[in-house]
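Observations on the model geometry
Here is how the chains run, residue by residue.
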Amino acid sequence: MPKLSPELLSVLRCPVTGSGLVQEGDELVTATADEAGNKLRYTIEDGIPLLLPPELLPAAAAAASDQHDAGQPDAGQPDDGQHGTAPRHAAE
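Described below are features of the structure shown in this document. Nothing here was measured: the structure is a model prediction, and the numbers come from that model.

Of the regular secondary structure elements, the protein holds 2 helices and 4 strands. Ordered by position in the sequence, the α and β elements of the protein form the string α-β-β-β-β-α. A burial count over the protein gives 16% of its 92 residues as buried. The contacts in the protein between residues at least 6 apart in sequence include a share of 25% that link residues at least 24 apart.

Structure representation (structure tokens):
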């Protein structure tokens, strides 16, 4: 696993504690412990730190990547060419 750049690590923060993060292998670990005395760990996948609070990890794992086709029309929905435009009203 390649190391994250020092510049990136200097701006990343734990979403739970606000602590700085240090890289240990393919994980980021909080520099300081949380209220319970635990250092939180976040995985790095394909060079991207996954900074989700622990309680959100099951929901993120359950979401299939094919559900996130940004910018693509929904299956079964006609492509009217109006993506990104304000809705039109009947009076216009």
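This paragraph deals with the sheet that holds strand 2 (residues 27–30). In spatial order, the strands read 1-2-3-4; together these 4 strands make up an open sheet with antiparallel pairing. Looking along the sheet, the strands with just one partner apiece sit at the ends: strand 1 (21–24) and strand 4 (48–49).

Side chains Leu 21 and Gln 23 of strand 1 all project onto a buried face; the interleaved residues Val 22 and Glu 24 project onto a face where none is buried. Bridging between strand 1 and strand 2 involves 4 bridges; their strand directions are antiparallel. When the sheet's bridge partners are listed, Leu 21 is paired in strand 2 with Thr 30. What sits between strand 1 and strand 2 in their antiparallel hairpin is a turn of 2 residues, with Gly 25 showing a positive phi close to 65°.

This part covers the nonpolar core. Leu 4, Leu 9, Leu 12, Cys 14, Leu 21, Leu 28, Leu 40, Tyr 42 and Ile 44 together form the largest nonpolar core, which totals 9 residues. Setting aside its immediate chain neighbours within four residues, Leu 4 contacts Leu 9, Gln 23, Leu 28, Ile 44, Gly 47 and Pro 49.

Before going further, it helps to spend a moment on the environment of Thr 32. By the element assignment, Thr 32 lies in the loop between strand 2 and strand 3 (41–45). Sequence separation of Thr 32 and Cys 14 is 18 residues, and the distance between their C-alpha atoms is 9.8 Å. Within the structure, the side chain of Thr 32 is placed 3.1 Å from the side chain of Ser 19, a separation counted as a polar contact.

Quick notes on the rules
- Residues numbered from 1 in each chain as written.
- Predicted model: local features only at pLDDT ≥ 70, side-chain atom pairs only at ≥ 80, totals over all residues.
- Heavy atoms only, no water.
- Helix = DSSP H or I, 4+ residues; strand = E, 2+ residues; numbered from the N terminus.
- Buried < 20%, exposed > 50% of the residue type's maximum accessible area, 1.4 Å probe, protein only.
- Contact = heavy atoms within 4.5 Å.
- Pairing = 2+ DSSP bridges.
- Core = buried A, V, L, I, M, F, W, Y, C linked by side-chain atoms within 4.5 Å.
- Polar contact = N/O pair within 3.5 Å; in protein donor to acceptor, adjacent residues only side chain to side chain.

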